[in-house]
Amino acid sequence: MNTQELDKKYVLPTYARVDIEFVSGDNAILVDANGKKYIDFTSGIGVVSVGHANKRVNSAITKQISKITHISNLYYIAPQVKAAQKIVQTSGYDMKCFFGNSGAEANEGAIKIARKWGESNAEIKKYKIITLQQSFHGRTITTVKATGQEAMHNYFGPFPDGFVYADDILSVESLLDDHTCAVMIELVQGEGGVEPLDKQEVQNLALLLKSRGILLIVDEVQTGGYRTGKFLASNIYEIEPDIITLAKGIGGGVPIGVVMSSLKDVLSAGDHGSTFGGNYLSTTAACEVIDILNEYSQSGELENTIKYFNQELENFYKNNERLFTKKVGIGMMCGLRVKDADTLSAIILNAKENGVIVLKAARDTLRFLPPLTITKEEIDEGFKNLELSVSSL
Ligand SMILES: *Cc1c(COP(=O)(O)O)cnc(C)c1O
């Protein structure tokens, strides 16, 4: 049986898979089982931030795992503390980290910190967490409930209590009450349509929450790790969240999740944990990814790449205004609003045929999350293939 047949026989059908099997990659180039080449404008949903088969990451992790891969969090782990130090120092915030294995798990950690803080610091128990409509915070029972999308709450109940959804950032204030412990937001909603929140509105919310003694949690699972141009989107919005979560782009493809917080003493030994979280493999990968991206940012190359990619995207948008209504996003987290859902499906399908892979977000957004290290040549090739893909539409 081939891969597709084996998948159908042995893997639970939770994904509507695209009919491609990739076998290798090099930066933003992918090769499938038939030897066909593609330009990757997705980086595996914002994960392979330093490109496929990155030599530095591969060399760092193979060196590490030839010595030790895992021993559990009962012992000190050198690359874990180095990764924590790099993350904290690069962020510019006075925080400490906890390591898990995914974005959802990082958000679970954030919710646990907020809930324990809410129980310890008030006369009445504070437990309510406000999130936004169209948000996405993960697939565990709790983070599915934290996600402000009704369609995701159809099954799986009963859910944990205490999640309330605000229509938008301005309506958060009217939902705050004595039981509210935190507000959790993405600064750029990824799955929700690549729509950045308004900076002034976010800053006003941050001030309001501080004055009311309510925590601000920023879910940077997708935006973190230089995706928006700075290490954190919180840096661009110039806010000081109490809790930040990271995952996708931080491990270069090795599973990792991070919750970082300025509330350094809320959790104590035994309150939280993870078997795999922060092991030698994932944190060695994270250290190397962060080093690479710090250098890439400091040299100005990241900014040049962002400028070039956005200029080419703008050209593509202008050339095809019959199909699109708006360009959205920040940095290397971009999208084009497509006039209707059928056209969007057609573009994605044609793009695959023409050797460029792109993503969909919400109902009507063509989404771009290329590797941050994508070259000019790869960008040119990708947009050339995209132009071919829309020429008949
Ligand atoms: C992807 C994503 C998650 C979930 O991450 P997993 O690693 O799939 O659990 C949570 N929040 C945001 C903003 C995301 O983009």
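Conventions we followed
- Residues numbered from 1 in each chain as written.
- Predicted model: local features only at pLDDT ≥ 70, side-chain atom pairs only at ≥ 80, totals over all residues.
- Heavy atoms only, no water.
- Core = buried A, V, L, I, M, F, W, Y, C linked by side-chain atoms within 4.5 Å.
- Buried < 20%, exposed > 50% of the residue type's maximum accessible area, 1.4 Å probe, protein only.
- Helix = DSSP H or I, 4+ residues; strand = E, 2+ residues; numbered from the N terminus.
- Domains from an automatic or database assignment.
- Contact = heavy atoms within 4.5 Å.
- Buried area = accessible area lost by both parts, 1.4 Å probe.
- 1 Å grid on protein atoms, 1.4 Å probe; cavity = no way out; pocket = protein on both sides within 12 Å on 5 of 7 lines; lining within 4 Å.
- Points joined across faces, edges and corners; volume = space filled by probe spheres on them.
- Nonpolar A, V, L, I, M, F, W, Y, C, P; charged D, E, K, R; others polar.
- Near = heavy atom within 4 Å.
- Polar contact = N/O pair within 3.5 Å; in protein donor to acceptor, adjacent residues only side chain to side chain.
- Areas by Shrake-Rupley, 256 points an atom, 1.4 Å probe, with all protein chains shown as cover.
- Pairing = 2+ DSSP bridges.
- Axes fitted to C-alpha atoms, helices over the stretch in contact; angles between N-to-C directions.
- Expected span 1.5 Å × (residues − 1).

1. Some points on the nonpolar core
Phase 1: Core analysis: the biggest nonpolar cluster contains 56 residues, and F41, F309, F324, L366, F368, F383 and L386 have the highest contact counts within it.
Phase 2: Examining the composition of this core, we find that eight residues originate from one element, helix 9 (residues 280-298), more than from any other.
Phase 3: Counting residues domain by domain, this core receives three or more from each of domain 1 (3-54 + 300-390) and domain 2 (68-298).
Phase 4: Apart from the residues within four sequence positions on either side, F368 is in contact with F41, F309, L313, M332, M333, C334, G335, L336, V358, F383 and L386.

2. Focus: the domain arrangement of the chain
Interfaces are frequently sized by the accessible area removed from exposure as the parts join.
Phase 1: For the chain, the domain assignment lists domain 1 (3-54 + 300-390) and domain 2 (68-298).
Phase 2: Facing 32 residues of domain 1, the contacting portion of domain 2 comprises 26 residues.
Phase 3: Of the roughly 2400 Å² buried at the junction of domain 1 and domain 2 (both faces included), carbon and sulfur atoms supply 62%.
Phase 4: When residues of domain 1 are sorted by the area they lose upon contact with domain 2, L302, I330 and M333 head the list and together hold 27% of the total.

3. Side note on the environment of V356
Phase 1: Note on placement: V356 falls in strand 15 (residues 356-357).
Phase 2: In contact with V356, not counting residues within four places along its chain, are Y38, I39, F41, A351, G382, N385 and L386.

4. As for the layout of surface pockets
Phase 1: In this model, the second largest pocket occupies a volume close to 660 Å³.
Phase 2: Looking at the second largest pocket, it is lined by 26 residues, and the ones nearest its centre are Q80, K96, C97, F98 and F99.
Phase 3: Listed by contribution, the elements that provide at least two residues to the lining of the second largest pocket are helix 4 (78-91), strand 4 (96-100) and strand 12 (257-261).
Phase 4: For the lining of the second largest pocket, the residue count by class is 13 nonpolar, ten polar and three charged.

5. Notes on empty space enclosed by the protein
Phase 1: Applying the stated criterion across every chain yields a total of one cavity of 30 Å³ or more.
Phase 2: The computed volume of the largest cavity comes to approximately 30 Å³.
Phase 3: Looking at the lining of the largest cavity, its residues break down into one nonpolar, six polar and one charged.
Phase 4: Mapping the lining of the largest cavity onto the domain boundaries places at least three of its residues in each of domain 1 (3-54 + 300-390) and domain 2 (68-298).

6. Here's the deal with the site of the ligand
Phase 1: Around the ligand, the surrounding shell consists of S102, G103, A104, N107, F136, H137, G138, E186, D219, V221, Q222 and K248.
Phase 2: Contact between the ligand and Q222: an oxygen atom at 2.7 Å from a side-chain N or O atom of the residue.
Phase 3: Between the ligand and the protein, one listed contact pairs an oxygen atom with a side-chain N or O atom of K248 at 2.5 Å.
Phase 4: Here the ligand has 380 Å² of accessible area as a free molecule, and 82% of this is covered by the chains.
Phase 5: Looking at which element gives the most residues to the shell around the ligand, the answer is helix 5 (residues 103-120), with three residues.
Phase 6: Residue composition of the shell around the ligand, by class: three nonpolar, six polar and three charged.

7. Here's the deal with the sheet that holds strand 3 (residues 37-40)
Phase 1: One open sheet holds the four strands; their spatial order is 1-2-3-15, and the pairing between them is mixed. Two strands lie at the open edges of the sheet, namely strand 1 (22-26) and strand 15, each paired on one side alone.
Phase 2: In this structure, strand 1 lies alongside strand 2 (residues 29-32), joined through four bridges in antiparallel fashion. In the sheet register, G25 faces strand 2, and the bridge partner there is L30.
Phase 3: On top of the sheet, helix 12 (residues 376-390) reaches strand 1, strand 2, strand 3 and strand 15; it is set at about 105 degrees to strand 3, its chief contact.

8. So, helix 9
Phase 1: Between the first and last C-alpha of helix 9 there are 27 Å, a value that for 19 residues agrees with the 27 Å anticipated at 1.5 Å per step.
Phase 2: With 14 of 19 residues buried, helix 9 lies mostly within the body of the structure.
Phase 3: In this structure N279 caps helix 9, since a side-chain oxygen of it lies 3.0 Å from the backbone nitrogen of L281.
Phase 4: Where helix 9 terminates, the next one or two residues include G300, which has phi positive at roughly 90 degrees.

9. Some points on unusual backbone geometry
Phase 1: Cis rather than trans, the peptide bond between G157 and P158 has omega equal to 0 degrees.
Phase 2: Its location among the elements puts P158 in the loop between helix 6 (141-146) and strand 6 (163-166).
Phase 3: In this model, S43 sits at a positive phi of 40 degrees, which is unusual for a non-glycine residue.
Phase 4: Looking at the secondary structure, you find S43 in helix 2 (residues 43-46).
Phase 5: With relative accessibility at 0%, the residue S43 sits in the buried group.

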